[in-house]
Amino acid sequence: MSLLDTRVPAVLLRIDRNPFHHGTLGAARSLGRSGVEVHVVADSAGSPVGASRYVRQMHPPPLPGASPDDVLAVLRRVADEIARPAVLVPLDDASAIAVGRMRDELAPSYLLPSMPGTLAERVADKAELAAVCASTDVPHPTTLIPDSPAEVTDAMRRLGLPVVAKWSRPWLLPVGSGLRSTVLVRSVQQARELFLRTGEAGSRLLLQAYLAPGPDRDWFFHGYADHSGTVRAGGPGRKQLSWPRGAGLTAVGCWTPNTQVQALSERLTDELGYRGIFDLDFRRCGTTGRYHLLDFNPRAGAQFRLFADSAGLDVVRALHLDLTGRPLPAGAPLAGRAFVVENYAPLAALRAAPGGRELAWYAADDRAPGRVMWAQWCRHVSRRLRERLGTTTTAPTPPLIPRAASPSLTDNEKASS
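Attention here is on the structure that accompanies the text. Everything numeric here is computed off the predicted structure, so don't read it as measured data.

What to know about the overall build of the protein chain
Each helix and strand in the protein chain was counted, giving 14 helices and 16 strands. The C-alpha radius of gyration of the protein chain comes to 21 Å, within 12% of the 22 Å expected for a compact globule of 417 residues. When the backbone C-alpha atoms are referred to their principal axes, the protein chain occupies close to 60 × 55 × 50 Å. Among the 417 residues that make up the protein chain, the fraction classed as buried is 56%. Look at the contacts in the protein chain between residues 6 or more apart in sequence, and 66% of them connect residues 24 or more apart. Split by element, the accessible area of the protein chain, about 17,100 Å² in all, is 53% carbon and sulfur. Looking at charge distribution, the protein chain has the averaged site of its 49 positive side-chain charges lying 7 Å from that of its 40 negative ones.

Side note on the sheet that holds strand E8 (residues 182-185)
The strands making up a sheet are joined through hydrogen bonds of the backbone, oriented either antiparallel or parallel. Across the sheet, which stays open at both edges, the four strands sit in the order E6-E9-E7-E8 with antiparallel pairing between neighbours. Two strands bound the open sheet, and with one partner strand each, they are strand E6 (143-144) and E8. Sheet topology places strand E7 (residues 163-167) next to strand E9 (residues 205-209); five bridges connect them, and they run antiparallel. Bridging from a neighbouring strand, Lys166 pairs with Leu206 of E9.

Details of the nonpolar core
One finds Leu12, Leu31 and Val316 to be the most contacted residues of the largest nonpolar core, which totals 49 residues. Of all the elements, helix H11 (residues 315-323) adds the most residues to this core, at five residues. Contacts of Leu12, omitting those with residues within four sequence positions, involve Thr24, Ala27, Ala28, Leu31, Val38, His39, Val40, Val41, Val89 and Leu91. One finds Val123, Val132, Leu264 and Leu280 within the second-largest nonpolar core, a separate group that totals 21 residues.

Points about the packing of aromatic side chains
Enumeration over the complete set of coordinates arrives at eleven aromatic pairs. Judged by centre distance (5.2 Å) and plane angle (75 degrees), the ring pair of Trp255 and Phe307 falls under edge-to-face. You can see Trp255 sitting in strand E12 (residues 249-255) and its partner Phe307 sitting in the loop between strand E14 (291-297) and H11, a full 52 residues away along the chain. Feature note: the residues Phe20, Trp243, Tyr344 and Trp377 constitute an aromatic cluster, connected by ring pairs.

Cut-offs and rules
Residues numbered from 1 in each chain as written. Predicted model: local features only at pLDDT ≥ 70, side-chain atom pairs only at ≥ 80, totals over all residues. Heavy atoms only, no water. Helix = DSSP H or I, 4+ residues; strand = E, 2+ residues; numbered from the N terminus. Rg over C-alpha atoms; globule rule 2.2 N^0.38 Å. Buried < 20%, exposed > 50% of the residue type's maximum accessible area, 1.4 Å probe, protein only. Contact = heavy atoms within 4.5 Å. Areas by Shrake-Rupley, 256 points an atom, 1.4 Å probe, with all protein chains shown as cover. Lys, Arg positive; Asp, Glu negative; His and termini not counted. Charge placed at Lys NZ, Arg CZ, Asp CG, Glu CD. Pairing = 2+ DSSP bridges. Core = buried A, V, L, I, M, F, W, Y, C linked by side-chain atoms within 4.5 Å. Phe/Tyr/Trp six-rings, centres within 6.5 Å; stacked < 30°, edge-to-face > 60°.

Structure, rendered in structure tokens:
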């Protein structure tokens, strides 16, 4: 018998157009394997997720840059089709922010964590996050917000080169603009040119002190804050390999105990009164040894399935259990467990995994998404090779995965780029 209430379906929501978002597939499998009816509101063009046996139905998503009213209209249409209350699971920042704003309007049709409607937007905003960290005494890289080209020059002088440049609200970046959420700038001129595109970007430019990468310096914490504020499920993880190397999202991660990262995460969510799933990125300073919070994502991270404990509990299952009034089982952490994204780290997927391992795409009980992913990935790689050789054809291709912005940045700083 399933621990989850299988009478209550789940709706997975993603606005971005990344067909290789393995976190969406992970959420569909996690809930579907427990007997929950899963609906996915996301772009289905070329997406391997739609091939999963655990997806009941794919629904057209809101358009990129959709207004909250547009998102609300889509979710109401889906709710009418399902015809009973469902647990809503946002899987990108834009979705999480829109859902937070519209909680009261969605409440009759969807089950959602109870927290202030502006909190998701506050922590996802890079400028607000710097202020949040200052008020809660959580280490954060020195961050300056210039108001003029002259202040850009002064900030670069104060911070030293190189400097990390971020757009405060990356979900507002217009599609096709060429702007990325985060870049590593190496000259004053480069920073000034970015600043002059502030109006186009739709939010403020932040200049942030650069923390150099190094062995065992990149960490993340995934968790679920239940109705009482207690952090359940999830845990701390260490990034072992990124794609591109040293630059992007987690290709190989390992569940690794870290009391400092866990304590910082739990204290921050408690002081904020946060409820729901969250995904935090940290970097350890090589000089001081302190862990600096780089990113706070008010939703499930793509590698959340790394933290499936001995009772099978992960943050998405915890959300469903908590919102349907069911107890959360007390499982033990599986330290040493690995998570591998095969198309980014194929050799790691073939190596022995004594601590246990989950693959992002392949699953013995759900093989079709893996086959679709490899077909799409081969087309993607072929197209990129043709571009480099100057022989790009005019045939339509599926959307590309996000490119990494620059060396040494974290998962979620890349995910929106």
